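What the coordinates show
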Amino acid sequence: QGLWCPMFFSSSQYPICMQAFRTEPRNLTVRMGATAVLRCEVLRASGTVQWAKDGFLLGPERSLPGFPRYSMIGNPERGQYHLQIEDAQLEDDTQYECQVTSSESSSGIISSPAWLNVRIPPSKPYFDMDMSTPWEAGKKYTVTCIAPDAKPLAEITLYKDGVELTGAESFSTSGSKDKLLNAHAEVTYVFSCLPDSFSSPTCSISPSLSMFLVSLVFTPPVILGLERNEVKAERTLVLECVSYGGNPLATLHWTKNGEVLSMTWEEDVVAQKSSSILKLKITPADNQAELCCESSNLVSRSPLSVSRKITVLFEPAELTLSGSLTAIEGQELNLSCYATSSNPPVDIRWWLGYKELNNTSVAMEEGDNGGMTTMSNMTHRVSREEHGLKLTCEAFNKGTHFSKTQIDELSVYYPPQKVWINAPPEDVPLRSGSTVHMACFATGGNPKATLAWFKDGKAVTGALKQTSFDMGVARELVVVLTASDNMASYRCDATNKAKKTVSAYTKLRVHFTPVSMKITAQQEVLRQGEALTLECQAGSSSPMANISWILGPLRLQGVEEEPRDAEFGGISVHSSLSLNLTSQHHNQKVICQAYSHVLAEGANTYYKLNVLYPPEFSPDQPTEVQVLEDDMAVVPLLVSANPEEVSCIWLHRREKLVKEEDYRYRWLDDHSLEIRNVSRNNAGVYTVKCENDEGANEISITLDVQYAPSVKAEKEPVFVNLGETADLICVADANPIIAGMFSWKWLGEEEVEMGEETQEDESGLLTIYNVTRAHAGSYECLANNGIEPPASAHIRLVVQFKPELRKGPQWRKVASRGDGTSTAEIVCQAEGIPRVDFSWEKSGVLMDFENPRYEEVIVREGAFHTSTVRVVNVSAVLDYAVFSCTARNSLGEDKLDIQLISTNHPDPPSSFRQVSVGHDSVTLEWIPGFNGGLQQRFRIRYRWDQTVSFLYVDVFPPSETTFTVTGLQPVTTYNFSVNALNAIGESDYADNNAVLTITTKGQFGIIFLMFCKLGGSGLPVYLTVVLTAVLGGLLVFNLIGCFFGLRWKKSVIPPCRSSQSTAGNSNKYESREMINAAAQRTLLVDSGSEADSNVYESYAEECSHYYYPTGVYTPHLGPHPEETRGLGKTQMWLRAVRPVNTSHPKYYATFRVYLSLLTIQRIFLPLALVLMQHIYGISQLCFRHAFHALYKMSSVAPSTPTAICMKM
């Protein structure tokens, strides 16, 4: 049959299968000690399966910790969770359940309870009856059989003589533990005398157990197991004493020689007997011992007994062989063999190898335990052939048929048979110093020989350790030959315990160099210029040696004498040598060498010369010492003299140096001069004079003190005219002066072409040809002679040039009202060196500054000189004229005409150009024209193909000449123009109304982002849910931001109304152009500005166009391709007609909510895009374009809150 699954549906309409039991546990009965298995199988198990015992959960693990006999078995993959209980006990007899906990897909389930029934057999049954008094025939007695601690209750049946007893009464009582029962069976019958004494009632329990009673009269005991009276020692006797009958049965005990051995016995009720087993290990001490067994009971008048005497046969405990088993060949051997007490006495026999020795005598005496001792003496003369044979003493016991032996080895000593030496032949000469190996061999003898070496009758030490081989021994002597070995007699002696010495002999012929060398001099005191005679005596050598003399690298010839015979069979020679002594001979060694051409070597000795002479300076004595300033200078003095006690004085600049006058001087032990913290003043020539007992001498040494450079400019500053050659010179004080020690560095910011660097001794030169104004400034001269630190000096180069006036469009015109109420300032600025002086002309006539209406102020800042002429109470008739400014110095002059005119509209800008372009912005730059005498501002006009009119952007701040137009469309061509405006009017467009055409860059959109990697394929369900939630949250935040943005606008900005301003400040667009009101741009206002700042603003189409002054508020807005925004400083576009009162509490409350929403939106957007990139695997390029697009859409500027809502 098929399995079925109960189907349920969750809130999401997905089907769920419930867990259920396939097999539930059932009641089970097992015997105590057996293994019980309760079965449990679960279908679709999703929860945790565990067993409960009496309601106590055993745990989900299959090993069930805490229950070592319990475990869960079966295959869990098939849902099998069977409970196995090993060695079932009474405590396991209880109720069990299989439980499965609930899970997310199913509720919990519990099986039907199952009982485990453990069956326990009864303990050992027993009879309960009166045993204290003997039973009497004819009386009734009650016998009760009890089977204790059984589960279920045991069944009892009583038998007598194999016949079941009827009429027994059965009942039960509680056992020793809960659930256990004791079974009782009770019967009453009349006891008869004889028949009942041989049989008893029997109690049979299932399983079969029985007990019975016996009553009988006993008979005398008997001993079983001892057939003979003779017993061997070390044997264990097992004797049984049996006594039949008796009521009660007899008690038994064993004795030996009256001493009790055992008091234990056993009773056999069925056989009506008592028996006692005695285990006795027989020893020699048991010889002639009496064993007795006694029996008795309560009614016996005296015990009954049986006795046996035993004879023990035993061997001697020890067999001892005494006497020396070692003898020299031919000697007699006397030995004894002694056997301790034995029964019967032993027979002793002697054996040498397989030969029996009969030259013996025997003596016997009484021993221990009734035995006899035996002594045998043997005499025998030994020979070398008997060496190593086994000598055996054998003792044989005829009673036990056992023999005991004592075996030892016979040692016979005899001398070695042959001794010889293996050495070089006597007629072959050997070289002194060489190593000779001589080996002595000895064969035969017992024990092996001990070898000893002798030289000329004296024992030689240092011979190698003796070694053995199969036939004998060997000992090697290693000799390093000397002169004493020449024709010396070497002997090898071989001895052993046979006390006889055998020897071998050899001799060696040795060639050797002289054994001694000695030089003697005729005079004791040696002085420079005297003559010296030396004599050399060479000792014995073989063959004869030749004498030669050596002094340093020189080999000298002496005078030889006749040779003489000497020791060790050699020859001695003699030679003399004469020398004229100089100081160079002092401490030199005169070597006398005796050389043997046969040996190609010789011996030598030397005589050290001690020549007295006055002080002399070494050829290695330095005459110049270099040292760094402030270091420690050591002027070494390499002087030698004999005697060595020399006194020296030092002179510097002819003055003696005294330590007490200058603590920096110190003289070393070798008379060298040490100067601490040496300075350049210590440089110069030092003279040292030394003398001893033999005379005096002097030498001069130059001390060269080197020091790091110091440098200064030879001239500072250095003036040079434009286009000429400039020489910058720095002079160094240094030691040493080295080539290339000067280097030059330009200290200005911009790079200039350095000139030619040269060096003349201690001067460094930098020559700059064709000097330009860019060369003006400071130069660094660096001197480095390799000694730290290098030094530097700064030299300023001043380039002189004629005046140059600033002549831009702003400098050629000055505007002022000519109604006599205003003051005009005519500025003339010149750059030049040296000093520039100014002169002014008005309409070609030199101006007189004594006139109170004209005043000149001159300001000088470095090379810049500014002359300002103030015209007070400007008159159109008197002062509207051309003012000529002339600037001159010694090198020339320059002139500029400046026209003072009435205030007017500004001149058009020039050099209108593109700086950068993005996908939605363009940065533009231009050069302003003359402002018409009033503060001017700029306006950018632009359009593209799809517009019907121009769009205008007012540049802010007004004085900026670089501006970024934002909010443009990607991949669109725009036409740009710029003009200037002031309070009077506006200029033409820049560069003669030229148009600048620019195309913006491309930009990917959100839709393209979503399909960059999808390729039109469908989305998984879970991805659709995630993406919908992300984009939905983004839309909600954007709508909330729109709501608070509009609310903020209505709360802080009142409706547009007209405002009075001067006619000069009106901004009127050309009537010939169609104005797109939606394209009118306001100015970017920083919300972090002061609350009372004037706002530069424009109106909507229903309002007139007025502008508040912007001179007070000029925040810095540098050129930027895209707006920079921060959380702490938010920029926004405002439409207003008056300054915003940001101090109003309502303004801050609403604005903070608005900014918080914008912050959440800008954090949420990147997270959404990162999620999309991770899900779809979008490329980095596509991701960046999409992120930029969403970022711009979420930005506050440049769109209004309404515009943001439309974009989203």
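Nothing here was measured: the structure is a model prediction, and the numbers come from that model. (Residues numbered from 1 in each chain as written. Predicted model: local features only at pLDDT ≥ 70, side-chain atom pairs only at ≥ 80, totals over all residues. Heavy atoms only, no water.)

Within the protein, the secondary structure is distributed over nine helices and 94 strands. Per-residue burial for the protein yields a buried fraction of 41% across its 1208 residues. Of the roughly 65200 Å² that the protein leaves accessible, carbon and sulfur atoms contribute 51%. (Helix = DSSP H or I, 4+ residues; strand = E, 2+ residues; numbered from the N terminus. Buried < 20%, exposed > 50% of the residue type's maximum accessible area, 1.4 Å probe, protein only. Areas by Shrake-Rupley, 256 points an atom, 1.4 Å probe, with all protein chains shown as cover.)

What follows covers unusual backbone geometry. The amide bond that connects Asn-446 to the next residue, Pro-447, takes the cis arrangement and shows omega of -5 degrees. In this fold, Pro-447 is placed in the loop between strand E43 (435–443) and strand E44 (450–455). The omega angle of the peptide bond from Ser-542 to Pro-543 is -5 degrees, so this bond is cis rather than trans. Within the element layout of this structure, Pro-543 appears in the loop between strand E53 (531–541) and strand E54 (546–551). Within the chain, Asn-873 stands out as a residue other than glycine whose phi angle is a positive 55 degrees. Summarising the element assignment, Asn-873 is placed in the loop between strand E83 (864–871) and helix H3 (876–879).

On to the state of the cysteines. With the rule as written, the count across this model stands at eight disulfides. Disulfide pairing places Cys-648 opposite Cys-690 at an S-S distance of 2.0 Å. Taking the sign of the S-S torsion, 115 degrees for the link of Cys-648 and Cys-690, the bridge is right-handed. Taken as a pair, Cys-648 in strand E65 (residues 647–652) and Cys-690 in strand E69 (residues 684–692) lie far apart in primary sequence, 42 residues in all. (Disulfide = S-S within 2.5 Å.)

Enumeration according to the criterion identifies 12 aromatic pairs in this entry. Between Trp-746 and Tyr-779, the ring centres sit 4.9 Å apart and the planes meet at 55 degrees, which makes this aromatic pair tilted. Here the residue Trp-746 occupies a position in strand E73 (residues 742–746), and Tyr-779 occupies one in strand E76 (residues 777–783), the gap between them amounting to 33 residues. Pair check on accessibility: Trp-746 and Tyr-779 agree, each one buried. (Phe/Tyr/Trp six-rings, centres within 6.5 Å; stacked < 30°, edge-to-face > 60°.)

Within the secondary structure, Leu-389 is located in the loop between strand E37 (372–381) and strand E38 (390–397). Here Leu-389 falls in the partly exposed class, since its relative accessible area comes to 32%. With 37 residues separating them along the chain, Leu-389 and Leu-352 place their C-alpha atoms 6.5 Å apart. With residues near it in sequence (within four places) discarded, Leu-389 still touches Leu-352, Gly-353, Asp-408, Glu-409 and Leu-410. (Contact = heavy atoms within 4.5 Å.)

The subject of this paragraph is the side chain of Ser-548. Topologically, Ser-548 is positioned in strand E54. A polar side-chain atom of Ser-548 sits 3.2 Å from a polar atom in the side chain of Arg-555. Here Ser-548 is in contact with Arg-555, Leu-556, Ile-591, Cys-592 and Gln-593, once residues within four sequence places are set aside. (Polar contact = N/O pair within 3.5 Å; in protein donor to acceptor, adjacent residues only side chain to side chain.)

Moving on, we come to a negative patch on the surface. Judged by side-chain charge, Glu-535, Glu-560, Glu-561 and Glu-562 come together as a negatively charged surface patch. Looking at where Glu-561 falls in the secondary structure, it is placed in the loop between strand E56 (559–560) and strand E57 (564–565). (Patch = residues over 30% accessible without salt bridge, like charges linked within 9 Å, V, L, I, M, F, W, Y side chains within 5 Å. Salt bridge = Lys/Arg side-chain N within 4 Å of Asp/Glu carboxyl O. Lys, Arg positive; Asp, Glu negative; His and termini not counted. Charge placed at Lys NZ, Arg CZ, Asp CG, Glu CD.)

By secondary structure assignment, the location of Thr-392 is in strand E38. Using a relative accessible area of 14% as the deciding quantity, one classes Thr-392 as buried.

Ordered by their spatial adjacency, four strands build an open sheet running E89-E88-E91-E92, and the pairing between neighbours is antiparallel. Since the sheet does not close on itself, it has two edges, and those belong to strand E89 (951–954) and strand E92 (996–999), each with one partner. For this sheet, the mean angle separating the axes of adjacent strands, direction not counted, is 30 degrees. (Pairing = 2+ DSSP bridges. Axes fitted to C-alpha atoms, helices over the stretch in contact; angles between N-to-C directions.)

All right, on to the environment of Asn-75 then. Among the structural elements, Asn-75 can be located in the loop between strand E9 (70–73) and strand E10 (82–85). In the structure, Asn-75 is positioned 34 residues away from Glu-41 in sequence and 9.6 Å away in space, judged by C-alpha atoms. For Asn-75, the side chain forms a polar contact with the main-chain nitrogen of Glu-77, separated by 3.0 Å.

With that out of the way, let us pick up the nonpolar core. Among soluble globular proteins, nonpolar side chains are generally buried collectively. Judged by nonpolar contacts, the single largest core of 25 residues is most densely connected at Val-42, Trp-51, Leu-83 and Tyr-96. At the level of elements, strand E5 (36–38), strand E7 (49–53), E9, E10, strand E11 (95–100) and strand E13 (114–119) are the ones that each hand at least two residues to this core. Counting residues per element, this core draws most heavily on E11, which supplies three residues. Residues Trp-746, Val-752, Leu-766 and Ala-791 belong to the second largest nonpolar core, which totals 24 residues. (Core = buried A, V, L, I, M, F, W, Y, C linked by side-chain atoms within 4.5 Å.)

The next subject is the confidence of the model for the protein. Low pLDDT means the predicted coordinates in that region are not meant to be read closely. Residues at a pLDDT of 70 or more form 79% of the protein, whose mean pLDDT is 80. Counting contacts from residues 1051–1152, a segment whose pLDDT is below 50, to residues more than four positions away or on other chains yields 175 contacts. (pLDDT = per-residue confidence, 0-100.)

The next subject is the pairing of strand E48 (residues 489–495). A large share of E48 lies buried, amounting to five of its seven residues. The pairing of E48 with strand E49 (residues 502–507) spans six bridges and is antiparallel. Bridge pairing in E49 links Ala-494 to Val-502. The turn linking E48 back onto E49 is made up of six residues, and Lys-499 within it adopts a positive phi angle of 60 degrees.

In this section: the sheet that holds strand E90 (residues 962–965). Spatially, E86-E87-E90 is the arrangement adopted by the three strands of the open sheet, whose pairing is antiparallel. Edge positions in the sheet fall to strand E86 (910–917) and E90, since each has one partner strand and no second. Adjacent strand axes in the sheet meet at a mean angle of 25 degrees, parallel and antiparallel pairs treated alike. Where strand E87 (residues 922–927) and E90 come together, four bridges link them in antiparallel fashion. Across the sheet, residue Thr-923 finds its bridge partner in E90, namely Thr-964.

A few words on the pattern of salt bridges. Here the idea is simple: oppositely charged side chains can pair when their charged atoms come close. Following the criterion strictly, the structure yields 38 salt bridges and no others. Taking the shortest distance from any N to any O, the salt bridge between Arg-853 and Asp-879 comes out at 2.3 Å. On the criterion of sequence distance, the pair formed by Arg-853 in the loop between strand E81 (845–846) and strand E82 (854–861) and Asp-879 in helix H3 is long-range, its members being 26 residues apart. For Asp-879, a relative accessible area of 0% translates into the label buried. Across the pair Arg-888 and Glu-893 runs a salt bridge whose closest N-O atoms are separated by 3.1 Å. Assessed through its relative accessible area of 33%, Arg-888 is described here as partly exposed.

A separate point is the environment of His-775. By the secondary structure assignment, His-775 is in the loop between strand E75 (763–768) and E76. The exposure class assigned to His-775 is buried, which follows from its relative accessible area of 8%. For the pair formed by His-775 and Leu-797, sequence separation is 22 residues and the distance between their alpha carbons is 7.4 Å. When neighbours within four sequence positions are excluded, His-775 is seen to be in contact with Trp-746, Val-752, Glu-753, Ile-768, Asn-770, Leu-797 and Val-799.

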